[in-house]
Amino acid sequence: MKTDKITVMLKKNQERQNLHWRITNKVKMFEYNGLWYDESFLEQMFPKYQLCKYMSKGENPDSKSLK
């Protein structure tokens with residue numbers, strides 16, 4: 001996922017890193033709200049966030065260069 005706010009990126013990525021993991025029968029599982037999920041659900045439930053500057057301002061955020 002992309003965001004232009006560094007606080008959102010840090011919070012969401014921290015939630016992803018702080019998950020509790022266990023290995024059962026060679027299957028990696030993580031815990032969320034008291035339930036255990038297979039590793040294949042990780043990207044759906046906790047996508048990685050990346051910072052994209054000027055995401056809401058379009059292609060050219062520098063108004064001086066438009067003259």
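Starting afresh in each chain, residues are numbered from 1 along the sequence in its written order. For a predicted model such as this one, the threshold for reporting local features is a pLDDT of at least 70, and the threshold for listing and counting side-chain atom pairs is 80 or more; totals across whole chains, interfaces and linings nevertheless cover every residue. Values reported for side chains reflect all heavy atoms of the structure, with hydrogen atoms and water molecules removed beforehand.

**Here we look at the pattern of salt bridges**
Working step 1: The term salt bridge refers to a pairing of a side-chain nitrogen on Lys or Arg with a carboxyl oxygen on Asp or Glu at a separation within 4 Å. Under the counting rule described, the total for this entry stands at three salt bridges.
Working step 2: Between Lys11 and Glu15 there is a salt bridge, and its shortest N-O distance comes to 3.9 Å. With a gap of four residues between them, Lys11 and Glu15 both fall in helix α1 (residues 6–17), about one helical turn apart.
Working step 3: With its nearest N and O atoms 3.0 Å apart, the salt bridge here joins Glu43 to Arg16. In this pair, Glu43 is assigned in helix α2 (residues 42–45) and Arg16 in helix α1, connecting sequence segments 27 residues apart.
Working step 4: Here Glu43 falls in the partly exposed class, since its relative accessible area comes to 44%. Each helix is a run of DSSP H or I of at least 4 residues and each strand a run of E of at least 2, with the numbering of both proceeding from the N terminus. Here's how the labels work: a residue is buried when its accessible area is under 20% of the maximum for its type, exposed when over 50%, partly exposed in between, all with a 1.4 Å probe on protein chains only.

**Things to note about the packing of aromatic side chains**
Working step 1: Between the rings of Phe, Tyr and Trp (Trp by its six-membered ring), a pair exists once the centres lie within 6.5 Å; its type follows the angle of the planes, with under 30 degrees stacked, over 60 edge-to-face, and the other angles tilted. Applying the stated criterion across every chain yields a total of five aromatic pairs.
Working step 2: On the basis of an interplanar angle of 85° and a centroid distance of 5.0 Å, the ring pair of Tyr32 and Phe46 is categorised as edge-to-face. Placement of Tyr32 in strand β3 (residues 27–32) and of Phe46 in the loop between α2 and β5 (50–51) is noted, with a sequence separation of 14 residues between them.
Working step 3: Owing to a relative accessible area of 34%, Tyr32 belongs among the partly exposed residues under this scheme.
Working step 4: Three or more aromatic residues joined by ring pairs make a cluster, and in this case those are Trp21, Phe30, Tyr32, Tyr37, Phe41 and Phe46.
Working step 5: Ring-over charges, as used throughout, are those where CZ of Arg or NZ of Lys falls within 6 Å of the ring centre and within 35 degrees of the ring normal. The cationic tip of Arg22 hangs over the ring face of Trp36; the distance from NZ or CZ to the ring centre is 4.1 Å.
Working step 6: Here Lys28 stacks its cationic end above the ring of Trp21, 5.4 Å away from the centre of that ring.

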